[in-house]
Amino acid sequence: MLETSIAEALAGHLRGNLLTPSDPGYDEARLVENGMINRKPSMIAQCSGTADVITCVNFARENGLPLSVKGGGHGVAGKAICDDGLVIDLAPMKGVLVDPERKTAKVQAGARLGDLDHETQKFGLAVPAGMISTTGVAGLTLGGGFGHLTRRFGLTSDNLLAADVVTADGSFLRASENSNPDLFWALRGGGGNFGVVTTFEFQLHEVGPEILVAQTVHLFDDAREVIRFYRDFMDGAPKELGCTCVVSYISPEPAYPEAHHGKLVAKLVALDSRREATEENTPLRELMSFGNPILTDMSPIQYTTLQSAADDAFPKGGRYYWKSQHLRSLPDEAIDRILENAGTVPGEYTNFHFETMGGAVNEVDQSATAFPHRDGAFTFSVPAGWADPSRDEEVIRWAQRLHEAAEPFSTGGTYVNYLQGDAGDEFKQAYGANFEPLREIKQRYDPQGLFDAHQRIEAR
Ligand SMILES: Cc1cc2nc3c(=O)[nH]c(=O)nc-3n(C[C@H](O)[C@H](O)[C@H](O)COP(=O)(O)OP(=O)(O)OC[C@H]3O[C@@H](n4cnc5c(N)ncnc54)[C@H](O)[C@@H]3O)c2cc1C
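Residues numbered from 1 in each chain as written. Predicted model: local features only at pLDDT ≥ 70, side-chain atom pairs only at ≥ 80, totals over all residues. Heavy atoms only, no water.

Draft legend 1. Quick look at the overall build of the protein. Across its full length, the protein carries 15 helices and 18 strands. Taking 23 Å as the expected radius of gyration for a compact globule of 460 residues, we find that the protein reaches 22 Å, a close match to that expectation. Structurally, the protein occupies a C-alpha span of about 65 × 55 × 40 Å along its principal axes. Of the contacts formed within the protein by residues at least 6 apart in sequence, a portion of 72% connects residues at least 24 apart. Accessible area for the protein stands at about 18300 Å²; split by element, carbon and sulfur atoms hold 48% of it. (Helix = DSSP H or I, 4+ residues; strand = E, 2+ residues; numbered from the N terminus. Rg over C-alpha atoms; globule rule 2.2 N^0.38 Å. Contact = heavy atoms within 4.5 Å. Areas by Shrake-Rupley, 256 points an atom, 1.4 Å probe, with all protein chains shown as cover.)

Written as structure tokens, this is what we have:
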């Protein structure tokens with residue numbers, strides 16, 4: 001009864017919908033990408049704009065309600081949804097405004113990467129971001145954000161020019177190098193600890209609409225040689241090249257020979273993002289002539305096609321447990337240890353992969369933004385995914401073992417956007433030397449911890 005009257009009081013002040021557990025659409029709105037998360041908030045406010053966000057922040061603070069913020073709902077830890085409180089759901093706020101003259105874009109915080117690419121690519125422009133088009137721009141940017149274009153143009157957060165933020169006291173602030181620079185520093189890697197970002201403004205770069213992409217697929221028996229080749233190929237490669245090395249199962253797609261469906265393979269997915277790149281002049285040619293692949297392909301494709309090519313590998317509602325770390329280098333010993341511990345690779349949506357850092361990421365000083373991992377050469381990630389809840393323990397243990405096998409080669413850093421709910425001390429490690437400055441900024445903008453449903457930075 002009390003809840004009903006509280007919900008009515010809030011609903012009367014919103015332009016967007018307010019969902020409570022008895023409303024149609026409530027379950028769809030509370031479920032996130034990771035099917036292991038099953039939280040039940042008392043209200044979900046589907047905010048139509050900044051005014052609704054300010055109303056919700058003030059309402060939660062004044063009524064002592066737990067509060068969480070949902071962007072794209074991809075965070076594996078599921079922190080976008082709180083139990084028994086109010087969720088600010090930004091899904092209706094998907095506007096993207098491109099300024100082709102200035103090469104900038106203003107992006108509302110409910111937009112997905114696919115929404116962003118759709119608008120920017122019309123002008124042959126792009127923000128470097130992640131590799132799955134359904135991921136939210138908001139969470140990804142606030143934690144850093146890396147993908148195919150990262151070596152050339154830096155992290156997504158490195159390309160943030162400004163953000164509009166609703167802070168815990170209900171103020172609406174602009175954060176940029178010139179306005180509230182401490183908040184701006186914290187938002188570039190420090191996550192959702194400091195307020196609700198309603199709009200991001202990004203620097204765009206000339207990319208696409210077509211981009212040269214090469215892919216080679218090798219049987220898992222050759223994984224050792226493939227990973228060594230990948231390491232050597234990317235060592236000193238020009239910044240315009242990106243390459244990811246993925247071990248995963250082959251899906252039953254016509255592109256693959258039927259005999260190999262369901263087999264474990266080691267894939268190299270690479271791109272040459274220069275507009276002038278051709279099949280004849282690209283360094284990617286070396287990739288095509290390596291080893292005994294079961295499939296090779298090199299061709300110019302739409303950048304948006306590349307950005308959504310792996311979407312099906314992560315079905316919504318699958319069970320996910322992710323581990324990740326930054327590696328100083330990738331010596332033969334590390335590759336051997338990883339492969340010895342990979343075993344049979346459990347989980348139909350599981351992969352493990354290496355992404356190449358360096359380039360523009362490492363040109364930024366470690367203290368320039370809250371994202372501190374500027375010295376790694378590669379990331380090693382183990383996104384385990386499966387459907388059957390009875391396999392939870394088995395798959396989680398496997399992912400933890402594989403992660404531990406690579407630890408001796410780690411910088412000690414881990415990526416906050418790939419942290420699981422059980423992260424504990426790893427969360428602190430995710431920020432290294434930037435953790436204490438983040439705590440001070442938390443004290444300034446959210447001393448009472450209104451935004452603590454996020455991976456929490458305690459105020460000082
Ligand atoms: C399938 C998949 C693929 C991925 N691929 C990549 C990749 O290629 N590169 C990469 O860097 N990362 C990748 N990620 C990780 C991704 O960056 C994080 O999961 C990120 O948190 C997703 O953002 P979101 O808005 O979708 O998530 P949400 O779950 O909605 O939010 C994540 C966190 O950010 C907070 N938050 C969200 N919006 C706001 C806001 N507007 N203001 C304040 N706080 C907010 C939430 O409260 C939550 O704590 C991937 C994740 C998945 C599941």
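Draft legend 2. Representation of the packing of aromatic side chains. Summed over all chains, the structure comprises 16 aromatic pairs. Ring geometry for Trp322 and Tyr418: centres 4.9 Å apart, planes at 70°, overall edge-to-face. You can see Trp322 sitting in strand β16 (residues 319–327) and its partner Tyr418 sitting in the loop between α13 (392–406) and α14 (425–429), a full 96 residues away along the chain. The burial state of Trp322 is the same as that of Tyr418; both residues are buried. If you follow Arg188 out to its NZ or CZ, it ends over the ring of Phe184, 3.8 Å from the centre. (Phe/Tyr/Trp six-rings, centres within 6.5 Å; stacked < 30°, edge-to-face > 60°. Buried < 20%, exposed > 50% of the residue type's maximum accessible area, 1.4 Å probe, protein only. Lys NZ or Arg CZ within 6 Å of the ring centre and 35° of its normal.)

Draft legend 3. Looking closely at the domain arrangement of the protein. When the domains of the protein are assigned, the result is domain 1 (2–89), domain 2 (96–206) and domain 3 (210–418). Between domain 1 and domain 3, the C-alpha centre-to-centre distance is 35 Å. Domain 1 puts 8 residues into the contact, and the matching count from domain 3 is 13 residues. Taken together, both faces of the contact between domain 1 and domain 3 bury some 750 Å²; the carbon and sulfur share is 58%. On the surface where domain 1 and domain 3 come into contact, there are 0 salt bridges. The interface formed by domain 1 and domain 3 contains 3 residue pairs in polar contact (both at pLDDT 80 or more). Classifying every residue of the side of domain 1 that touches domain 3 gives 4 nonpolar, 2 polar and 2 charged. (Domains from an automatic or database assignment. Buried area = accessible area lost by both parts, 1.4 Å probe. Salt bridge = Lys/Arg side-chain N within 4 Å of Asp/Glu carboxyl O. Polar contact = N/O pair within 3.5 Å; in protein donor to acceptor, adjacent residues only side chain to side chain. Nonpolar A, V, L, I, M, F, W, Y, C, P; charged D, E, K, R; others polar.)

Draft legend 4. Local environment of the sheet that holds strand β5 (residues 96–99). Spatially, β5-β6-β10-β8-β9 is the arrangement adopted by the 5 strands of the open sheet, whose pairing is antiparallel. Strands with a single pairing partner mark the edges of an open sheet, and in this sheet they are β5 and β9 (172–176). The average angle at which neighbouring strand axes cross in this sheet is 15°, direction not considered. When strand β6 (residues 104–108) meets strand β10 (residues 196–203), the two strands line up antiparallel, connected through 5 bridges. Pairing of Lys106 across the sheet is with Glu201, part of β10. (Pairing = 2+ DSSP bridges. Axes fitted to C-alpha atoms, helices over the stretch in contact; angles between N-to-C directions.)

Draft legend 5. Up close: the packing of helix α8 (residues 223–234) against helix α11 (residues 332–342). Contact geometry for α8 and α11: axes closest at 10 Å, N-to-C directions at 145°. Handedness of the α8/α11 crossing: right-handed. In this structure, α8 contributes Ala223, Arg224, Ile227, Arg228 and Arg231 to the contact, and α11 contributes Asp332, Ile335, Asp336 and Leu339. When the residues that make up the contact of α8 with α11 are grouped by side-chain class, the tally is 4 nonpolar, no polar and 5 charged. (Left-handed = near helix turned anticlockwise from the far one by under 90°.)

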